[in-house]
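Observations on chain architecture
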Protein chains: 2
Amino acid sequence: MSNTSKREQLIQAALTLFCEKGFHAVGTDAIAQHSGVTKKTMYHHFKSKDELILAVLRYYDERFRNDFMRAVEGKAETPRERLLAVFDVAEKWFAKDNFYGCLFVAAAGEYPEPDTPIRHTCKEFKGLMQKYIEGLATQAGAESPEQLASHLLLLLEGAITLAQIHASPQTASQAKEAAKVLIQDAIKR
Amino acid sequence: MSNTSKREQLIQAALTLFCEKGFHAVGTDAIAQHSGVTKKTMYHHFKSKDELILAVLRYYDERFRNDFMRAVEGKAETPRERLLAVFDVAEKWFAKDNFYGCLFVAAAGEYPEPDTPIRHTCKEFKGLMQKYIEGLATQAGAESPEQLASHLLLLLEGAITLAQIHASPQTASQAKEAAKVLIQDAIKR
DNA sequence: AAATGAGTAGACTAATCGGTATACTCATTG
DNA sequence: CAATGAGTATACCGATTAGTCTACTCATTT
């Protein structure tokens, strides 16, 4: 069905532009133009720019987490190794030439009003990342998987932010070193 | 001199508005109106919106770091205690009702192009925060102050981001727990 | 006394913003 | 065959964008 095709074209074009320039800085005309779709058609699929943004965030959420988890699982076998592999995957991500930081953090910054659908989506994403790491921590035999996962997520989040600002992917390996200490402390065996 | 006064009025009004709504979402008309200053006067002090943004960032940079350091030093005596006090101060910051996350991270998100004055200011701020924590780590007798400071800054940065997204200041105390472990590991005595 | 510069109010520009309207094509489907 | 719905192109809407302009006041300084 060409329906889904146009939708995806719009979402992907919007995603690219938002990453490159930010949400407010990209107009609906630009999105229509870059996706090769008319504004009329665009507003047929999404009733407002905010709805398109929401769709972009949801699309990115699913794709990113999927790619991320598969990369982690491809890089290490044991749960404990995978907790560290998270930071190797992150470093590869940071090193990509089109790395722009976390899309959800950017969205939260541009739409500061709490309790909006956009903010809710951001929250959800971070919650799912926490759950993923928590699962690994549980399998790895952490005494308090939730706490270890929180700590590692803090490191990861910090690494993303500082990698973006300093344009240096090495923050990931710094975070990895800290993670080693925390994991060692959290898994007594 | 009324010169500096008008300048500060503009900077403070702009700061408030940028925090509330983001940079692109706030127009020059709104800034002029909220500061009680004419657009003409505004453009007399700053030759463009970008220059005003830059001035806002520099103003905030100095004020924030000053307040932050004084709060840390008021909360603890020894360098080692101060390394932990950083996270107590952060938690108080997160709990403020007008907490909006890190202004520099927001700026970096809205102005993704690297090598611009705005991005440079963001970089500088994070660098100075690192230096500050590094100083504390040195005084505390860390084996590698630079490394410990990096790790603690990663935790702090992650806590800021997640506090903003989840609207919960507790991320600071989570970060503090992780910091305890890292400090213990980094200062062998 | 004259000149300068910071300030005012408010109109103004060209461009762009999010979003809508008209008039058309074309493939699918009942 | 007729109707529907997704698509095209393009013009348009009122509002707002960043930034400029004229014409004026007023205090300070030379």
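Everything here concerns the structure above.
Scope of this entry: the structure provided in the associated data block. Quantities reported herein were computed from a predicted structural model and do not represent experimental measurements.

Turning next to the overall build of chain A. Secondary structure assignment for chain A yields nine helices and zero strands. Starting at the N terminus and walking to the C terminus, you meet the elements of chain A as α-α-α-α-α-α-α-α-α. Summarising its shape, the C-alpha atoms of chain A cover approximately 60 × 35 × 30 Å along the three principal directions. Here chain A holds 189 residues, and the buried ones make up 54% of them. Of the accessible surface of chain A, which amounts to about 9000 Å², a share of 47% is contributed by carbon and sulfur atoms. Measuring between centres, the 24 positive side-chain charges of chain A sit 3 Å from its 24 negative side-chain charges.

Our next topic: the relation of the copies chain A and chain B. For these two chains of identical sequence, chain A goes onto chain B by a turn of 180° and a shift of 0.0 Å along the axis, with RMSD 0.0 Å. Those values place the two copies in the arrangement expected of a two-fold rotation axis. Measuring from the rotation axis to each C-alpha of chain A, the shortest distance belongs to Gly158(A), at 2.0 Å. Both copies share a contact surface, since 100% of the interface residues of chain A are interface residues in chain B too.

Right, let's talk about the protein's contact with DNA strand D for a bit. Close to DNA strand D lie 17 residues; Thr41(A), Thr28(B), Lys39(B), Lys40(B) and Lys49(B) are nearest. Near-protein atoms of DNA strand D (within 4 Å) split between backbone and bases, with sugar and phosphate holding 59%. Between DNA strand D and Thr41(A), the relevant distance is 2.7 Å, taken from a phosphate oxygen to a side-chain nitrogen or oxygen of the residue. Contact between DNA strand D and Lys49(B): a phosphate oxygen at 2.7 Å from a side-chain N or O atom of the residue. For the surface near DNA strand D, the secondary structure elements donating two or more residues are helix H1 (2-21) and helix H3 (39-45) of chain A together with helix H3 (39-45) of chain B.

So, about the pattern of salt bridges. By the definition in use, this model includes twelve salt bridges over all chains. Where Glu157(A) meets Lys126(A), a salt bridge forms, and the shortest distance between an N and an O atom there is 2.7 Å. Placement of the pair is Glu157(A) in helix H8 (residues 145-166) and Lys126(A) in helix H7 (residues 117-139), with a sequence separation of 31 residues. Both residues of the pair, Glu157(A) and Lys126(A), count as buried. Across the pair Lys180(B) and Glu177(B) runs a salt bridge whose closest N-O atoms are separated by 3.2 Å. Separated by three residues within a single helix, Lys180(B) and Glu177(B) lie in helix H9 (residues 171-186), roughly one turn from each other. Assessed through its relative accessible area of 39%, Lys180(B) is described here as partly exposed.

A separate point is the nonpolar core. Grouped together as the largest cluster of nonpolar side chains are 150 residues, with contacts concentrated most on Leu155(A) and Leu155(B). Leaving out residues up to four positions away in the same chain, Leu155(A) has contacts with Phe87(A), Ala175(A), Ala178(A), Ala179(A), Leu182(A), His151(B), Leu154(B) and Leu155(B).

What follows deals with the packing of H8(A) against helix H7 (residues 117-139) of chain B. For any two helices packed against each other, one specifies the inter-axial angle together with the distance between the axes. Orientation of H8(A) relative to H7(B), taken along the N-to-C sense of each, is 130°, at an axis distance of 9 Å. Judged by the angle between their axes, H8(A) and H7(B) are oblique. Where H8(A) approaches H7(B), its residues Leu162(A), Gln164(A), Ile165(A) and His166(A) are matched on the opposing element by Arg119(B), Cys122(B), Lys123(B), Lys126(B) and Gly127(B). A class-by-class count of the residues in the contact of H8(A) with H7(B) yields three nonpolar, three polar and three charged.

Next up on the list: the packing of aromatic side chains. Within this structure, the stated rule accounts for 24 aromatic pairs over all chains. Judged by centre distance (5.7 Å) and plane angle (20°), the rings of Phe64(B) and Phe68(B) are stacked. In this pair, Phe64(B) and Phe68(B) both sit in helix H4 (residues 49-75), four residues apart, roughly one turn of the helix. When its relative accessible area of 4% is taken as the criterion, Phe68(B) is described as buried. Judged by centre distance (5.3 Å) and plane angle (85°), the ring pair of Trp93(B) and Phe99(B) falls under edge-to-face. In this structure Phe99(B) comes out as buried when scored by relative accessible area, which is 16%. What links up through ring pairs into an aromatic cluster is the set Tyr60(A), Phe64(A), Phe68(A), Trp93(A), Phe94(A), Phe99(A), Tyr100(A), Phe104(A) and Phe125(A).

Rules used in this analysis
Residues numbered from 1 in each chain as written. Chains lettered and ligands numbered in written order. Predicted model: local features only at pLDDT ≥ 70, side-chain atom pairs only at ≥ 80, totals over all residues. Heavy atoms only, no water. Helix = DSSP H or I, 4+ residues; strand = E, 2+ residues; numbered from the N terminus. Buried < 20%, exposed > 50% of the residue type's maximum accessible area, 1.4 Å probe, protein only. Areas by Shrake-Rupley, 256 points an atom, 1.4 Å probe, with all protein chains shown as cover. Lys, Arg positive; Asp, Glu negative; His and termini not counted. Charge placed at Lys NZ, Arg CZ, Asp CG, Glu CD. Least-squares fit on C-alpha atoms with pLDDT ≥ 70 in both. Contact = heavy atoms within 4.5 Å. Near = heavy atom within 4 Å. Polar contact = N/O pair within 3.5 Å; in protein donor to acceptor, adjacent residues only side chain to side chain. Salt bridge = Lys/Arg side-chain N within 4 Å of Asp/Glu carboxyl O. Core = buried A, V, L, I, M, F, W, Y, C linked by side-chain atoms within 4.5 Å. Axes fitted to C-alpha atoms, helices over the stretch in contact; angles between N-to-C directions. Parallel < 35°, antiparallel > 145°, perpendicular 65-115°, else oblique. Nonpolar A, V, L, I, M, F, W, Y, C, P; charged D, E, K, R; others polar. Phe/Tyr/Trp six-rings, centres within 6.5 Å; stacked < 30°, edge-to-face > 60°.

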